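Take a look at the letters that make up each chain.
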Amino acid sequence: MSVKKERKSAHKKVHWLAYILLLIGAVMFLYPFLWMVSASLRSLEEVAVSGMSIWPDHWRWDNYAKALTAFPFGRYLVNTVITTVFPIVGTVLSSSIVGYAFARLKVRGSGILFVLVLSTMLLPGEVTMIPQFILFKNLGMLDTLYPLIVPSFFGSAFYIFLLRQFYSRLPVALEEAAIIDGCGYFKIWWKIFLPLSKPALMAVGVMVFMGSWNNFMGPLIYINSDKWKTLTLGLAGFQGTYATDTNLLMAAAVVITLPCILLFFTAQKAFMEGLTFSGSKES
Amino acid sequence: MNGIIEGIYSFYEGIGAPASLLPLLPFLTVIVLIFAIIYTITRVLVKKRIIHTKTASFYLFVSVWIIGFLLFTVGPMIFSFYISFNKWEVVSDPKWIGLDNYRMLFKDTMFYKSLSVTFYYTLVSVPLQVILSLAIALLMNLKLRGIYFFRTIYYLPTLVQGVAQMVLFIWIFNPNVGLVNSLLRLIGIEGPGWFSSPEWSMPAVIIMSLWTVGGNMIIYLAGLSDIPQSLYEAAEIDGATAARKAWHVTLPQISPILFFNTVTSMIGAFQTFTQGFMVNGGPDNSLLFYAYYLYQNAFMWFKMGYGSALAWVLFVIILVFTALVFRSSALWVYYETEQTGRRKRRVRKKRA
């Protein structure tokens, strides 16, 4: 009995220690974040003397209006939305059908092909970056949004892998009945597997969103004219021209980050679930 | 090839396709044609009973990836390898110069500089990231009240990415009004100029990288929740302390994920770009990351041949390091044997 009690008090001590550590960490992780938001709401003079404090004396909401009109925000936003929505649709559809084929249509050669898919994950993008640039140049796609969209429609190794893991775990009975009814494999994928994999597809969608929304090197290489610039390019240029207007810079950074935060909170459950499959040990 | 593209292009122009779609249409036409051909061939093969419907469907579906793989990976790899033996400034024709690009590399002081910057960053930040994210994940895995709240907070910084993150941290490390130096002043230390000092700019970037370990943490958590509770119960019966449980149960069970995170973090670190770009390589080139130097050569100075050579050296470096980690993994990564795997599945079935 006493041993149990001892262990319980030891547990309690551990829990207290854990709480203290977690709290210290939470402050360190959250503070820069809050600091950014508070700076975006201050006047420039106040930013210069604010130091550690995160409560603005005067709430300058007009910083946001100023930041958003300092560069063609609306146009950049539209471009960013285009280069985010299409890759999400493209990646989800293409990676899903390829993942489905690898998971459920085991034929001769599928194993080797899958190893090939996985091995592309090790290839750094830098090696293919220059030739891809030349390719898109020859296709006349430079300074358009297409180079940022088109490749996503051909599947991407990581998401193919993730979805294959998901599809492998669904029961075999699913397609057996459909085959008896005379369904083709395409129809089985479209009517059964695609609707069933909504949580995994959501997770893929969220990850593609984060990647495309924050993509910087792609637009930097392919886009020249103002007409097609994305928000990240806009912000980088903003940093160059308005480096001293910290408050406006922070307001712009907050605005760019906001969709990611909103999406994270709305899709949090699906996102975490989807990651569980990718991190899993099953081969 | 160019002739065909131009032919299709002028065809669409002739029938009055919208100008913004024009760059895409020749490409789209070719792709649709390719799929039509593959579809017809598999259809015929199935009808003549040479292959099964299943095989045909498999290759038809996977051809989505194969075509992309040939177009955006294999083709570019071959081309880039060829170009790395050429002098090519885009406007002129490529000129074969053999190994000269590679020879030039070894005389290029900037190449060495960018290499040392990238190694410094990778070798310091990756171990720190891996250890910190694991430590946090272990804390998060305790059954504490409000743990989901903490998980969210630790993950939040990961949402501030790339340019926005760099914009924020340039200011956090501002020598006069920045958060870090204000904090240091509280304890009576006058902080350095961080991004304006050659010695401190890299530590600043490394600290910044630690702010976003939340992504790795989430992956560990997924793995930790997969560990069968029975292993802990067995250890408890044997009288194991919390520390021993962590060392003998948690760590071996989670080691494949530790391995995964190490490899992906390392590859990511070798490819760091935005941090170098946003500060133009930093003071005294202290943040001249390899990927940024490659970008400068290829897309600012249009030295495509030299850039390709740089890319291939990076590829080899990443390959060697990944192989080293893979090799070492036999020593520290624990994979469940077939038998326990089978048992686990049985347990799962029972639960269901």
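Above this text you will find the structure in question.
Heads up: these notes are all about the structure in this document.

Reading the values: rules and limits
- Residues numbered from 1 in each chain as written.
- Chains lettered and ligands numbered in written order.
- Predicted model: local features only at pLDDT ≥ 70, side-chain atom pairs only at ≥ 80, totals over all residues.
- Heavy atoms only, no water.
- Helix = DSSP H or I, 4+ residues; strand = E, 2+ residues; numbered from the N terminus.
- Buried < 20%, exposed > 50% of the residue type's maximum accessible area, 1.4 Å probe, protein only.
- Areas by Shrake-Rupley, 256 points an atom, 1.4 Å probe, with all protein chains shown as cover.
- Lys, Arg positive; Asp, Glu negative; His and termini not counted.
- Charge placed at Lys NZ, Arg CZ, Asp CG, Glu CD.
- Phe/Tyr/Trp six-rings, centres within 6.5 Å; stacked < 30°, edge-to-face > 60°.
- Contact = heavy atoms within 4.5 Å.
- Buried area = accessible area lost by both parts, 1.4 Å probe.
- Polar contact = N/O pair within 3.5 Å; in protein donor to acceptor, adjacent residues only side chain to side chain.
- Nonpolar A, V, L, I, M, F, W, Y, C, P; charged D, E, K, R; others polar.
- Core = buried A, V, L, I, M, F, W, Y, C linked by side-chain atoms within 4.5 Å.
- Patch = residues over 30% accessible without salt bridge, like charges linked within 9 Å, V, L, I, M, F, W, Y side chains within 5 Å.
- Salt bridge = Lys/Arg side-chain N within 4 Å of Asp/Glu carboxyl O.
- Axes fitted to C-alpha atoms, helices over the stretch in contact; angles between N-to-C directions.
- Parallel < 35°, antiparallel > 145°, perpendicular 65-115°, else oblique.

So, on to the overall build of chain B. Helix and strand counts for chain B stand at 16 helices and two strands. Its C-alpha atoms give chain B principal-axis dimensions of about 75 × 65 × 45 Å. Residues classed as buried in chain B amount to 51% of the 352 residues present. Summing over all exposed atoms, chain B offers an accessible surface of approximately 17,800 Å²; the carbon and sulfur share of this is 66%. Seen as two clouds, the 27 positive and the 15 negative side-chain charges of chain B have centres 15 Å apart.

Below, the discussion takes up the packing of aromatic side chains. Counted according to the given criterion, the structure contains 65 aromatic pairs over all chains. Relative to Phe193(A), the ring of Tyr167(A) has its centre 5.6 Å away and its plane inclined at 75°; by these criteria the two rings are edge-to-face. Of this pair, Tyr167(A) sits in helix H8 (residues 157–168) while Phe193(A) sits in helix H10 (residues 185–196); the two residues are 26 residues apart in sequence, bridging distant segments of the chain. Like Phe193(A), Tyr167(A) is buried. Each ring, one from Tyr295(B) and one from Phe299(B), has its centre 5.9 Å from the other, and the planes form 35°; the classification is tilted.

What follows is about the interface of chain A and chain B. Listed as interface residues are 97 residues of chain A and, on the opposing side, 96 residues of chain B. Of the roughly 8,800 Å² buried at the junction of chain A and chain B (both faces included), carbon and sulfur atoms supply 81%. Scanning the region where chain A abuts chain B turns up ten residue pairs in polar contact (both at pLDDT 80 or more). Looking at which element gives the most residues to the side of chain A that touches chain B, the answer is helix H1 (residues 2–39) of chain A, with 17 residues. A class-by-class count of the residues in the side of chain A that touches chain B yields 67 nonpolar, 23 polar and seven charged.

Turning our eyes to something else, we now look at the side chain of Ser38(A). All names here are of chain A. Looking at the element boundaries, serine 38 is found in helix H1. Within the structure, the side chain of serine 38 is placed 3.3 Å from the backbone oxygen of tryptophan 35, a separation counted as a polar contact. Those residues within four positions of serine 38 in sequence are excluded, and the remaining contacts are Ser53, Ile54 and Pro56.

On to the environment of Gly182(A). Within the element layout of this structure, Gly182(A) appears in the loop between helix H9 (173–180) and H10. Separated by 166 residues in the primary sequence, Gly182(A) and Trp16(A) place their C-alpha atoms 61 Å from one another.

A separate point is the nonpolar core. Formed by 202 residues in total, the largest nonpolar core has its most connected members in Tyr167(A), Tyr154(B) and Met304(B). In terms of residue count, the dominant contributor to this core is helix H14 (residues 246–279) of chain A (14 residues). Beyond its immediate sequence surroundings of up to four residues, Tyr167(A) is in contact with Ser96(A), Gly99(A), Tyr100(A), Ala103(A), Arg104(A), Trp189(A), Phe193(A), Leu194(A), Ser197(A) and Leu201(A).

The subject of this paragraph is a nonpolar patch on the surface. Residues and elements named next belong to chain A. Where nonpolar side chains cluster on the molecular surface, the patch consists of Leu77, Val81, Val85, Phe86, Val89, Leu93, Phe153, Phe186 and Trp190 and spans about 770 Å² of accessible area. Among the secondary structure elements, those contributing two or more residues to the nonpolar patch are helix H4 (73–104) and H10. The greatest single-element share of the nonpolar patch, amounting to six residues, is contributed by H4. One can find phenylalanine 186 in helix H10.

Helix packing for two helices is described by the angle between their axes and how far apart those axes are. Residue and element names in this part refer to chain A. Running from amino to carboxyl end, H10 crosses helix H11 (residues 198–213) at an angle of 70°, the nearest separation of the two axes being 5 Å. By the criterion of interaxial angle, the relationship of H10 to H11 is roughly perpendicular. On the side of H10, the interface is formed by Leu194, Pro195 and Leu196, while H11 contributes Lys198, Pro199 and Leu201. When the residues that make up the contact of H10 with H11 are grouped by side-chain class, the tally is five nonpolar, no polar and one charged.

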